[in-house]
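Single-letter residue listing:
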Amino acid sequence: MASQPMPPGNLGKGAHVDVKQRRGKHCSLWDTTIHQVAKNYQQILALVFAISEINKDPALLPNITLGFRIFEDTYFARMTYQAGLSFLSMGDQLVPNYRCSRQEKVLSVIGSLYSRISMQMASLLGLFKIPQLGYGSFNPVLKERTIFPSFYRIDPSEVPQYLGIIRLLLHFHWNWIGIIAPDDDSGENFIQALKPLLEQNNICVEFTQRTLSEISRYYISVSKDVNQAIALSEAKANVVVVSGDSNAIRNLILPLLKYKVKTERTLEKIWIVTSQWEFAAVGFFFQWRAVETFHGALSFRGHASDVPGFHSFLRTLDPHQPQGDVFLKDWWKLVFICLFKKPDDFLGGLKNCTEKEDIENLPPFVFEMSMTGNSYNVYNAVYSVAHALHAMYTFGARRRMMGNGKRLLDVQPWQILTSLRSTQFNNSAGEEVFFSANDKRSAGYDILNLAFFPNQSSAQVKVGRMDPRAPPGRDFIINTDAIVWATQKLPSSRCVESCSPGYSRKVIKQTPRCCYECKLCPEGTISNHTDADCCVACSKHQYPNKNKDQCISKNITFLSYQEILGTVLASLALLLSLITALVLATVIKYQDTPIVKANNRELTYVLLISLLLCFLSSFLFIGRPVKVTCLLRQTAFTVIFSVAISSILAKTIMVVVAFMATKPGNMARELLGRQGVKSIVLACPLLQVITSALWLGTSPPFPNLDFHSLAKEIIVECNEGSVIMFYTVLGYMGFLALVSFTVAFLARKLPDSFNEAKFITFSMLVFCSVWVSFVPTYLSSKGKSMVAVEVFSILASGAGLLGGIFLPKCYIIFLRPDLNSRDQLLRNKKYRNLNF
């Protein structure tokens, strides 16, 4: 135990700083029989620097000087309580709260770095309501104000650190890890806090090992703990999360060194270390290189901003002029491996300490020139107490007393405890410091990378940050390119390989969740990231690509004039319309010839005009559907075709009735007249018109977008509104065609030079064949193919009627005019007396 004296009448702080690890007996601070943590000396310097700044600040605590006493951390409860009672008593007598000659007051305590010691001190200090500001390892029990009313936590909450570990594992796609933690309450708390977060993020723990936390137990079990390194080498997990202080980490490092000596190879694991250990080497210089087993490790550290003046303060350290620092010389000898020579001293092979040693050349695992996280916590703790005193002093809660000619502020520790709860200020680095409810301060954590190089140099580089206060997307930052890996490249630590985009995970029964199978996404779904829990469906406007890892916008499709199919059908419709018009013109020109007059030229005109309109109605099906075309396309073509078929039916019935009229007493001649023909042509389509009107009035067709029929296309179509009405009008048209075919078939053998029945039979056979094949083809088609099938059926059936009926007539008119005469008509004597 060591202390720095304070002038009478000053206010004091107690500080517990771990600068060594004890083997059991009481000894001086830098005794050669103990294992020192040289890096923790910076925490003492941060304490001294902060108090020096405060005492020089005339505005913060005017006319008040702060002092401090430093007590060592120890792993033994009896010695911890003894240290606590010593600064509550006077002299060598441990009588708490009894001070007859000592005039300095202990108003607060900073520490300890370890939760177990903090709890022991908090149980004692709470009785006297002395504020205790703890940092480092933390036990959740210390949050209970009813148990530890005077304990406050100055370092940030550990929750962002746990979240940072999860984000780090997820960033590198590591889901198969190991955990090593001390075999004490802090280790158990760490495991209980981390494992639920790992399970929530589908990260599996292959093994959980516990390290000895007390150095006194280490030597008993070191041979047994070598098996720990062997077990680590056999583990499949390449990433190990390590929690523990310098002592616990040392109890892991030494077995790793023994493993290296035994196997002549290094255990190449990726170590993720919590903020309790700040890459601090333990022991003497020949033990420092043991930290090399953590080459490539990633460590979390409580964020520490650059405190102005601290670097310059460290540069002023001079062991020849320690200015009251009783630790400086011993620390200097330890880190620079030298001795301060006196006359007749034997150096034992060590060099003499000179003034040329430079602390900036020390490796980062021995000492750092920038303030570490724990040192930053000590710095803020000192200023917190100072601001609490300032608040009390400012608001006039003071009494002046005389003592040895000086005025003192008569303040009690419990008053500071009350003031601390509302303390809030910005430190010299510009960061806000305060105490929140339940000690949940959401400060950030830096992520450091430790690297050792063949030239015996080392580096500790900041490669990332976890800051819960940052906006989304900036709360976790990692620079992968700046990381030096122990394996020379980014390692993999997974139970199985990641599922690529386009696949989803399928958990196998009775196996860990991380050991899964990869299943290809079903049709219509994708996964656009690795290890997807499930595949998601694309929106109705999109479809999956070939690899099923992204959605592509569907193309809008319809039967257009720009594509080949649309152009061919439109050209064919135009050509047939032109041919029909020419045939109509021919019939009109030769209307007085026997071949035209013999078959009722009025019906011929109606048939040709209806066929012309049928061909033209095909254009209603081509192009982007709109409301007008949807309303007209089906009704127009069915009504027009009904007129055409009705006229054919009328022509066929005329032929049959004409031959029946030759028999005596037959009434067919009387029925065969203009009114009879008109009634057939008008009555049959009329029923179709009524059905179509009913369709349009109840459930009319309308433009529609079909997203589901084709996987990669959005079909712009005409929804028929009522499928029943659609097939009703088609069925009626088929019924008329069937009747016409039947009548024509029966009249095909009647004797007549110009008998159309046999040609009508052929044309109706073609017509019926087209529309019978239309139904299954239409139902099996999708999108614009359905429209193309219907247009083709219209054109093919119309062309069949046109060619079957009028091609023979045109042949006679143009190529065999000799047959187009009355003599040819009356050549058959049996029917010579018939007047057509």
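Everything numeric in this text was worked out from a predicted model, so none of it was measured.

What counts and what doesn't
- Residues numbered from 1 in each chain as written.
- Predicted model: local features only at pLDDT ≥ 70, side-chain atom pairs only at ≥ 80, totals over all residues.
- Heavy atoms only, no water.
- Axes fitted to C-alpha atoms, helices over the stretch in contact; angles between N-to-C directions.
- Helix = DSSP H or I, 4+ residues; strand = E, 2+ residues; numbered from the N terminus.
- Parallel < 35°, antiparallel > 145°, perpendicular 65-115°, else oblique.
- Left-handed = near helix turned anticlockwise from the far one by under 90°.
- Contact = heavy atoms within 4.5 Å.
- Disulfide = S-S within 2.5 Å.
- Buried < 20%, exposed > 50% of the residue type's maximum accessible area, 1.4 Å probe, protein only.
- pLDDT = per-residue confidence, 0-100.
- Expected span 1.5 Å × (residues − 1).
- Pairing = 2+ DSSP bridges.

## Some points on the packing of helix α1 (residues 41-56) against helix α11 (residues 373-394)
Helix-helix packing is characterised by the crossing angle of the two axes and by the distance between the axes. The N-to-C vectors of α1 and α11 enclose an angle of 30 degrees; their axes lie 8 Å apart at closest approach. When the axes of α1 and α11 are compared, the pair comes out roughly parallel. As α1 packs across α11, the resulting crossing turns out to be right-handed. Facing Q42, Q43, A46, L47, F49, A50, I51, E53 and I54 of α1, the residues of α11 in contact are N374, S375, V378, Y379, V382, Y383 and A386.

## Some thoughts on the state of the cysteines
In this structure the tally under the stated criterion is seven disulfides. Covalent S-S linkage joins C204 and C514, the inter-sulfur distance amounting to 2.1 Å. On the sign convention where negative is left-handed, the bridge of C204 and C514, at about 100 degrees about the S-S bond, is right-handed. Of this pair, C204 sits in strand β9 (residues 204-211) while C514 is found in the loop between β22 (503-507) and β23 (516-520), placing the two residues 310 residues apart along the sequence. Each member of the pair, C204 together with C514, is buried.

## Description of the confidence of the model for the protein
Looking at the protein as a whole, its pLDDT mean stands at 81, while 82% of the residues score no less than 70. Here residues 397-408 is modelled with pLDDT under 50, and outside its nearest four sequence neighbours on either side it reaches 18 contacts, counting other chains as well. Long-range and interchain partners of residues 828-836, a stretch whose pLDDT sits below 50, account for ten contacts in this model, where long-range means more than four residues apart.

## Quick look at helix α19 (residues 723-746)
The end-to-end C-alpha distance of α19 is 35 Å, a good match for the 34 Å that 24 residues give at a rise of 1.5 Å each. Within α19, the full set of buried residues consists of M725, F726, V729, L730, Y732, M733, L736, A737, S740 and A744.

## Regarding the sheet that holds strand β21 (residues 476-478)
Taking strand neighbours across the sheet as the criterion, the eight strands line up as β9-β8-β10-β11-β12-β19-β20-β21 in an open arrangement whose pairing is mixed. Looking at strand neighbours, the two that pair on one side only are β9 and β21, the edges of this open sheet. Mean inter-strand twist for the sheet, computed between neighbouring axes without regard to direction, equals 25 degrees. Packed on one face of the sheet, helix α4 (residues 159-171) meets β8 (176-182), β10 (239-242), β11 (270-273), β12 (298-302), β19 (445-452), β20 (458-466) and β21 and runs near 50 degrees to β21. Running at roughly 160 degrees to β8, helix α5 (residues 185-200) makes contact with β8, β9 and β10 of the sheet.

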